[in-house]
Amino acid sequence: KLVSASYDTLDATILTGNLPAISGASLTGLSSPKIIGHAYDWSTPDESTTSSTFADIPSNKGRVSYTTVGANSDFILSYGVNYKQTGNHASYFYFFNLRYKIVLQSDSSTLVTGNSRLLAHNINEGTLITNSDAVTHVELLDPGTVAAGTALYFQPQFSSQSTGTCKGIQLNIYEVSA
C-alpha cells in the first residue's frame, strides 16, 4: 500500500490489486503516420506476356501518374487484377505475376520495386486450359527521399510461365506521412 501520493520513482513490485487505467493523452513527441494523399485508377490493359522475367505492361497501360503531397512519404498500394492464364502441360503449375514499381517522372529512374505477387494455377490436364481469375494485393512501398510535389509514375509489371493476360487493374494509392 502506498502511503504518499507523491513519488519521484516507484518500484513496480509494490503495485498490486486493481490499478487505474492510464491515459496516453499527455504523451508528447509521438507521431503517427497519416494518409495525406490518395489516387484511384481503373485500367483495362488487355495485354499478354509469355515472359518469365518481369516487364512493364506495354504502351504504359495501367501506369498511373501521381504527385506527392508530403516529403519522404511511404505508399500503400491496394490493387486488384483480373487476369487470364492459358497453358498446356501434363503436370505443372503455371504462374502469372504482377507487381508495381515507383518511377521518378523527371528521369525515369526506378525508386522502388514491389514484391512479386504470384498467382498460380495447376494446369495438369495435359490439354489446353484457360483459367480466368481475380485477386487483390496490398503492400507498402518506400521510395526513399522524395520531396513534396515530386511527380511519380506507378508502373505495373507482369510475367508469366505460359500465356498470361492482364485484363484489368483497380489501383488505390495511399500516400502515408513519414
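Residues numbered from 1 in each chain as written. Predicted model: local features only at pLDDT ≥ 70, side-chain atom pairs only at ≥ 80, totals over all residues. Heavy atoms only, no water.

**Some details on the side chain of S159**
Move 1: Locating S159 in the fold gives a position in strand β10 (residues 151-160).
Move 2: Among the residues examined, S159 registers a relative accessible area of 1% and is labelled buried.
Move 3: If sequence neighbours within four positions are ignored, S159 has contacts with T49, S51, S52, T53, F54, F95, F96 and N97. (Helix = DSSP H or I, 4+ residues; strand = E, 2+ residues; numbered from the N terminus. Buried < 20%, exposed > 50% of the residue type's maximum accessible area, 1.4 Å probe, protein only. Contact = heavy atoms within 4.5 Å.)

**Remarks on the packing of aromatic side chains**
Move 1: Following the criterion strictly, the structure yields six aromatic pairs and no others.
Move 2: A ring pair is formed by F75 and F154, whose centres lie 5.3 Å apart and whose planes are at 70°; its orientation type is edge-to-face. Of this pair, F75 sits in strand β5 (residues 74-87) while F154 sits in strand β10; the two residues are 79 residues apart in sequence, bridging distant segments of the chain. F154 matches F75 in its accessibility class, with the two residues each being buried.
Move 3: An aromatic cluster is built from Y66, F75 and F154, whose rings are joined through pairwise contacts.
Move 4: The ring of Y153 has R63 sitting right over it, with the charged end atom 3.6 Å from the ring centre.
Move 5: In this arrangement the basic side chain of R99 is found over the ring face of F54, its NZ or CZ atom lying 3.8 Å from the centre. (Phe/Tyr/Trp six-rings, centres within 6.5 Å; stacked < 30°, edge-to-face > 60°. Lys NZ or Arg CZ within 6 Å of the ring centre and 35° of its normal.)

**Description of the nonpolar core**
Move 1: Counting residues in each nonpolar core, the largest one holds 23 residues, and the members touching the most others are L77, F154, L171 and I173.
Move 2: Elements with a minimum of two residues in this core: β4 (64-67), β5, β6 (92-104), β10 and β11 (163-176).
Move 3: For F154, the contacting residues outside a window of four places in its chain are G62, R63, V64, Y66, F75, L77, Y100, K101, I102, L171 and I173. (Core = buried A, V, L, I, M, F, W, Y, C linked by side-chain atoms within 4.5 Å.)

**Concerning the pairing of β11**
Move 1: Within β11, 10 of the 14 residues are buried, which leaves it mostly tucked inside the rest of the structure.
Move 2: Here strand β1 (residues 35-43) pairs with β11 via eight bridges, running antiparallel. Among the inter-strand pairings, Y40 is bridged to a residue of β11, identified as N172.
Move 3: Relative to β11, strand β2 (residues 47-49) runs antiparallel, the two being bridged by three bridges. (Pairing = 2+ DSSP bridges.)

**Some thoughts on unusual backbone geometry**
Move 1: In this structure, N72 is a non-glycine residue whose phi angle is positive, near 55°.
Move 2: Relative to the helices and strands, N72 is located in the loop between β4 and β5.
Move 3: Notably, S108 is not glycine yet its phi reads approximately 65°, a positive angle.
Move 4: Judged by its relative accessible area of 58%, S108 falls in the exposed class.

**Concerning the environment of K61**
Move 1: In this fold, K61 is placed in the loop between β3 (55-56) and β4.
Move 2: For K61, a relative accessible area of 32% translates into the label partly exposed.
Move 3: When the C-alpha positions of K61 and P45 are compared, they lie 5.1 Å apart, and in sequence the two are 16 residues distant.
Move 4: When sequence neighbours within four positions are dropped, the list of residues in contact with K61 reads P45, E47, Q155 and P156.
Move 5: Polar contacts involving the side chain of K61 include one to the side chain of E47, which spans 2.7 Å. (Polar contact = N/O pair within 3.5 Å; in protein donor to acceptor, adjacent residues only side chain to side chain.)

**Details of the pattern of salt bridges**
Move 1: What the rule picks out here adds up to three salt bridges.
Move 2: A salt bridge links D46 to K167; the nearest nitrogen and oxygen atoms lie 2.9 Å apart. A residue pair is termed long-range when its members are at least 10 positions apart, and D46 in the loop between β1 and β2 and K167 in strand β11 qualify at 121 residues.
Move 3: Between K61 and E47 there is a salt bridge, with its nearest N and O atoms 2.7 Å apart. You can see K61 sitting in the loop between β3 and β4 and its partner E47 sitting in strand β2, a full 14 residues away along the chain. (Salt bridge = Lys/Arg side-chain N within 4 Å of Asp/Glu carboxyl O.)

In short, the description is geometric, and any link to function would need to be established separately.
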